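Read off the chains here:
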Amino acid sequence: MTKDELKKRIIELKREKGAVILAHYYTTGDVQEVADFLGDSLALSVKARDIDAPIILFAGVNFMAETAKVLSPDKKVLIPVPEAGCSLAESCEAKDLANLKAQYPGHKVVSYVNTSVGVKALTDVCCTSTNALKVVESIPREQPIIFAPDRNLGSYIQQITGRDNMVIWDGACNVHEEFSLEKIVELKEQHPDAKVVVHPECKASLVEIADYVGSTAGILDYCGSSTSKEFIVVTESGILVEMQKRYPDKKFIPAPTVDTTVKCNECRYMKMITLENILSCLEQEAPEVSIDESTRKAAEQSILNMVAIK
Ligand code: 13P
Ligand code: SF4
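This one's a predicted model, so the numbers in the text were calculated from it and none came from an experiment.

### Quick look at the sheet that holds strand β12 (residues 251-254)
Taken in spatial order, the 4 strands of this open sheet run β10-β9-β11-β12, and their pairing is parallel. Two strands bound the open sheet, and with one partner strand each, they are β10 (212-213) and β12. Of the strand pairs in this sheet, strand β9 (residues 195-198) and β10 are connected by 2 bridges, and their pairing is parallel. Within β10, the position partnered with V197 by the bridge is Y212. Contacting β9, β11 (230-234) and β12, helix α10 (residues 181-190) runs over the sheet at an angle of about 175° to β11.

In structure tokens form, the structure reads like this:
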């Protein structure tokens, strides 16, 4: 089938089955085109909770589909490629977090949504890059915190809040850690008017030179409201599709990575989702996400605690 035929068939099947496709900004442009809702990880979590459809197909990585299932246990949640993981989520296993909690009794656990359902079940409140600051600030200053698993986001929040009572997990996203400070500085010299927009999963040296630091949705909004016409984008390159679509008169330059021989600015997990596997997943209504009820319930509270923080 051609791409257009695949897209047409996916749209027909969605309609027949009452299915809704949620997609993250890091998926390919083709996948984004068949999505009913495109968003960052926070918006997708909220959408998964509120959506009125019997089937949700999650075009994203597995922790996102799990989050949707945790919030919508009565819906069928499908993920085209269950092996689409996340280096951050993989850096933090539930048993290791349980050990750290035992080492630091009395600490509240704040975990990024980029975690397994088992980790969420051990978490007091989840956060995303959009609301991490709000979530940490909602916890009394004297209350010590374990922040997992992203060391870069954790250090960034610690630096802004000046809290010295945060134990930060040593995990990182291997896409966001690959950007080259030297090459970005060089690029900025060639484009002096360009604003540098950086995701907080990047290293501190990159956050320091940023004109704006924020989640994918935050970066998108900033690029729209800024009077600047040019941006150096220091996050996963899939977001450029939506940027160019929303702001066609602006120029978006993907930031260079240390190794330019491979596509390090692409999340290989997000790119596992294709039109072909979406179609097959819709046709077979499989693979489906399933979570045991006690883990789901424990994880649900940590996500609801996050969503409740305004
Ligand atoms: P946001 O969607 O919160 O910006 O997170 C980025 C990310 O890495 C998702 O995996
Ligand atoms: Fe995980 Fe990084 Fe991919 Fe996001 S970009 S899904 S944090 S590996």
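### Focus: the sheet that holds strand β7 (residues 145-148)
Taken in spatial order, the 4 strands make up an open sheet running β6-β5-β7-β8, and their pairing is parallel. Each of the sheet's edge strands pairs with one partner strand only, and the pair in question is β6 (125-127) and β8 (166-168). Averaged over all adjacent pairs, the angle separating strand axes in this sheet is 25°, with direction ignored. Two strands pair when backbone bridges link them, and β7 and β8 are joined in this way by 3 bridges, in the parallel orientation.

### Here we look at the state of the cysteines
Using the criterion set out here, one finds 0 disulfides in the structure. Free of any disulfide, C92 has its nearest neighbouring cysteine sulfur in C86, separated by 11 Å. Residue C92 is classed as buried on the basis of its relative accessible area of 2%.

### Some words on unusual backbone geometry
Cis geometry is found at the peptide bond from A148 to P149, where omega equals -10°. Note that P149 resides in the loop between β7 and α9 (151-161). Of note, the amide linkage connecting A286 to P287 takes the cis form, showing an omega dihedral of -5°. Residue placement: P287 occurs in the loop between α14 (275-284) and α15 (293-308). The phi torsion at E285 lies on the positive side, around 50°, for a residue other than glycine. Note that E285 resides in the loop between α14 and α15. For E285, a relative accessible area of 23% gives the class partly exposed.

### Looking at the pattern of salt bridges
Tallied over the entire structure, the rule returns 23 salt bridges. Across the pair K7 and D30 runs a salt bridge whose closest N-O atoms are separated by 3.0 Å. In this pair, K7 is assigned in helix α1 (residues 3-17) and D30 in helix α2 (residues 29-34), connecting sequence segments 23 residues apart. Neither K7 nor D30 differs from the other in exposure class; each is buried. Across the pair R9 and E16 runs a salt bridge whose closest N-O atoms are separated by 3.9 Å. E16 sits in the exposed class, given a relative accessible area of 58%. A single network of salt bridges, built from pairs that share partners, joins K3, K7, D30 and E33.

About the thresholds
Residues numbered from 1 in each chain as written. Chains lettered and ligands numbered in written order. Predicted model: local features only at pLDDT ≥ 70, side-chain atom pairs only at ≥ 80, totals over all residues. Heavy atoms only, no water. Pairing = 2+ DSSP bridges. Helix = DSSP H or I, 4+ residues; strand = E, 2+ residues; numbered from the N terminus. Contact = heavy atoms within 4.5 Å. Axes fitted to C-alpha atoms, helices over the stretch in contact; angles between N-to-C directions. Disulfide = S-S within 2.5 Å. Buried < 20%, exposed > 50% of the residue type's maximum accessible area, 1.4 Å probe, protein only. Salt bridge = Lys/Arg side-chain N within 4 Å of Asp/Glu carboxyl O.

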